[in-house]
Amino acid sequence: MSTAVLAARPAPRSRALAPARPADSPARTAGSLPAWARRLPAVAAAALLPWLAVLAVCHETAWVALDLGELAALLRLDALLRRRSPAAFPAACAVAVLLTGDALADVGTAGHGLPLLAAVVMAGCVELPLAAVCLALGRCSAARA
């Protein structure tokens, strides 16, 4: 058996270090999102309320339960993002899973024709992009922690 000794070499410094920006700096970095994106979970939760009323009137109990779960997860994510909590990333993952599952269930259970088109449009224009933004928010929050 042979042994080898590895010597750690310091990395060459090719650039001078830039001064650090404070955490509350309005300037955006490459990995940050615009300020409006941080408010998106709360806006989406508020937008779900009228839809929940429509589903409740139509006696769609299973969809009401799923959307209530989404509402609670979005509000929790918003609260964690406001506190800049490291727990925002798992919450963002939960929101993304709920939204993706909702999109898949909508498309999978839609009838032919217009209902299927409406489900695909909602999935592609609302639910899946919102899931992606929530994941990005969670990732940015985890990077700051």
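Preceding this paragraph is the structure being described.
Residues numbered from 1 in each chain as written. Predicted model: local features only at pLDDT ≥ 70, side-chain atom pairs only at ≥ 80, totals over all residues. Heavy atoms only, no water.

**Q** Even after reading the chapter, I still don't get helix α5 (residues 114–144), so can you show me in this structure?
**A** Structurally, the α-helix is built with 3.6 residues per turn, so residues lying three or four positions apart point the same way. Helix length check: α5, at 31 residues, gives a terminal C-alpha distance of 44 Å against a target of 45 Å (1.5 Å per residue), a fit within 8%. Residue A123 marks the point of greatest curvature in α5, where the axis turns by about 45°. Among the structural elements, α1 (35–38), α2 (40–57), α3 (61–82) and α4 (88–109) are those in contact with the buried residues of α5. (Helix = DSSP H or I, 4+ residues; strand = E, 2+ residues; numbered from the N terminus. Expected span 1.5 Å × (residues − 1). Bend = angle between axes of the 7 residues up to and from the residue. Contact = heavy atoms within 4.5 Å.)

**Q** What is the right way to read the side chain of S141 from this model?
**A** Here S141 lies in helix α5. Setting aside residues up to four positions removed in sequence, S141 forms contacts with L81, S85 and A88.

**Q** Would you mind going over the packing of α3 against α4 with me for this structure?
**A** A packed helix pair is summarised by two numbers, namely the angle formed by the two axes and the spacing between the axes. Where α3 contacts α4, the two axes come as close as 9 Å, and the packing angle between them is 155°. When the axes of α3 and α4 are compared, the pair comes out roughly antiparallel. As for the relative orientation of α3 and α4, their crossing is left-handed in sense. Contacts from W63, L66, D67, G69, E70, A73, L74, L77, L80 and L81 in α3 reach A88, A91, A92, V95, L98, L99, D102, A105, D106 and T109 in α4. In the contact of α3 with α4, the residues fall into 14 nonpolar, two polar and four charged. (Axes fitted to C-alpha atoms, helices over the stretch in contact; angles between N-to-C directions. Parallel < 35°, antiparallel > 145°, perpendicular 65-115°, else oblique. Left-handed = near helix turned anticlockwise from the far one by under 90°. Nonpolar A, V, L, I, M, F, W, Y, C, P; charged D, E, K, R; others polar.)

**Q** What is the right way to look at the nonpolar core in this model?
**A** As a rule of thumb, nonpolar side chains are buried together in soluble globular proteins. Of all hydrophobic cores here, the largest spans 23 residues; its most connected members are L74, L77, V95 and C134. Among the secondary structure elements, those contributing two or more residues to this core are α2, α3, α4 and α5. At seven residues, α3 tops the list of elements feeding residues into this core. When sequence neighbours within four positions are dropped, the list of residues in contact with V95 reads A73, L74, L77 and C134. (Core = buried A, V, L, I, M, F, W, Y, C linked by side-chain atoms within 4.5 Å. Buried < 20%, exposed > 50% of the residue type's maximum accessible area, 1.4 Å probe, protein only.)

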